[in-house]
Amino acid sequence: MLFRKCLAAYFSSWAIVLLVSFPFMTVGGTSWHAAGTYSSWASVIALYAIPSIFLYGILISSLLELAIKKWKVTDSAKGLVSGFCHVVMGLLFGIMFQSSLFSIMGGIAAILFFGFDRIMLRFLPFMKRSTRILLLAVPVICFGLIVGTLYVSSPPKPPFTAIDAVDFATSGSGTTIDKFPKHIGMQKLQIEGYEVERETTVVETAIKEQYLVTFIERWRKEGEAGEQRMIYEVSRGTMGGKGGGGTEPPYQRTS
């Protein structure tokens, strides 16, 4: 019985992952990372679905099957009673977490689990080893075909340029970088009597699509002068500090 329940949990888990992740499929869209986005959402869904179905689903289904055998239920009604109990317990799973969404998904997962379990109960004894292996591979193949289709149908990955690196480095808010030009170039200011120059520069490193974005602030007033540099290593989607130098400006960065 345990092997059959595990198979039911396996196919139910895949069915839930493929079903719930379906809205995140964008075949022929404009996003070059459609395959990665879909895979990420499918992984998040699997992270919740698989442990729940394998632990809660197998336990509840096994207990229900043992209980129904002891109840005085006719053979013709056993399937109906078992299916109803599976759905009720699936809905209760969401109620425990006080989530209507979890209740709905729990009910759907319970229906799928019960359906696959009944199929395995009827046909598993007659299946050859090769047939069982093929059936186990079907969900994996389906997932691979979906990801492959999304990858092939997506537009090519655009290059990550120096301008993109500067845009990414200056896209945040609430930091000192906010005061610097959000493009490659220099800005001149007057702050508390100081002549201030703020410059944003970028150079490409030896690694493809990786850049060093530097923010330079210079100031002078009569015989006083100084400079401060902040250097960041920027690549697609990531940014990290690479040091800098100089001294803090003698004025408040209010503009």
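Structural data are supplied above this passage.
Along each chain, the written sequence defines residue order, and numbers are assigned to residues from 1. The predicted origin of the model limits local features to residues at a pLDDT of at least 70 and limits the giving and counting of side-chain atom pairs to 80 or more, whereas totals for whole chains, interfaces and linings rest on all residues. Where side-chain values are given, they derive from all heavy atoms of the structure, hydrogens and water being excluded.

(A) Quick peek at the environment of Arg220. Counting from the N terminus, the helices are DSSP H or I runs at least four residues long and the strands are E runs at least two residues long. Residue placement: Arg220 occurs in strand S3 (residues 210-221). For every residue, the accessible area obtained with a 1.4 Å probe (protein chains only) is divided by the maximum for its type, and the residue is called buried under 20%, exposed over 50%, and partly exposed between those limits. Judged by its relative accessible area of 40%, Arg220 is partly exposed. As a C-alpha pair, Arg220 and Tyr194 span 26 residues in sequence and 5.6 Å in three-dimensional space. In what follows, a contact means two residues having at least one pair of non-hydrogen atoms within 4.5 Å. Excluding residues that lie within four positions of it along the chain, Arg220 makes contacts with Tyr194, Glu195, Glu197 and Ala225.

(B) Fine view of helix H4 (residues 100-123). In this model H4 runs 35 Å from its N-terminal to its C-terminal C-alpha over 24 residues, within 8% of the 34 Å that 1.5 Å per residue would give. Every buried residue of H4 is listed here: Ser103, Gly106, Gly107, Ala109, Ala110, Phe113, Phe114, Asp117 and Met120. Expected helix span is taken as 1.5 Å per residue step, with the number of steps being one fewer than the number of residues.

(C) A look at the pattern of salt bridges. Salt bridge, as applied in this entry: a Lys or Arg side-chain nitrogen positioned within 4 Å of an Asp or Glu carboxyl oxygen. Under the criterion given, the structure shown has 13 salt bridges. Across the salt bridge formed by Arg236 and Glu209, the nearest N and O atoms sit 3.3 Å from each other. Within this pair, whereas Arg236 is found in the loop between strand S4 (224-235) and strand S5 (238-246), its partner Glu209 is found in the loop between strand S2 (194-204) and S3, the two being separated by 27 residues in sequence. Its salt-bridge partner being Glu227, residue Arg218 comes within 3.2 Å of it at the nearest N-O pair. Beyond isolated ion pairs, a larger network of salt bridges with shared partners links Glu195, Glu197, Glu199, Arg218, Arg220, Glu227 and Arg229.

(D) Region of interest: helix H6 (residues 162-169). Regarding H6, the residues found buried are Ala165, Val166 and Ala169. Projected down its long axis, H6 carries its buried residues within an arc of 95 degrees, all on one side. Structurally, H6 contributes buried residues whose contacts are with S2, S3, S4 and S5. By construction, the arc corresponds to the directions joining the helix axis to the C-beta atoms.

(E) Local environment of the sheet that holds strand S1 (residues 185-191). With respect to topology, five strands assemble into an open sheet ordered S1-S2-S3-S4-S5, the strand pairing being antiparallel. Both outer strands of the open sheet, S1 and S5, are each paired with one neighbouring strand and no more. For this sheet, the mean angle separating the axes of adjacent strands, direction not counted, is 15 degrees. When S2 meets S3, the two strands line up antiparallel, connected through ten bridges. Residue pairing across strands places Thr201 opposite Thr214, the latter belonging to S3. Sitting on the sheet, H6 is in contact with S2, S3, S4 and S5, with an inclination near 65 degrees to S3. In this analysis, strands are considered paired if DSSP registers two or more bridges between them. Think of each axis as a best-fit line through the C-alpha atoms, taken over the contacting stretch in the case of a helix, with angles from 0 to 180 degrees between the N-to-C directions.

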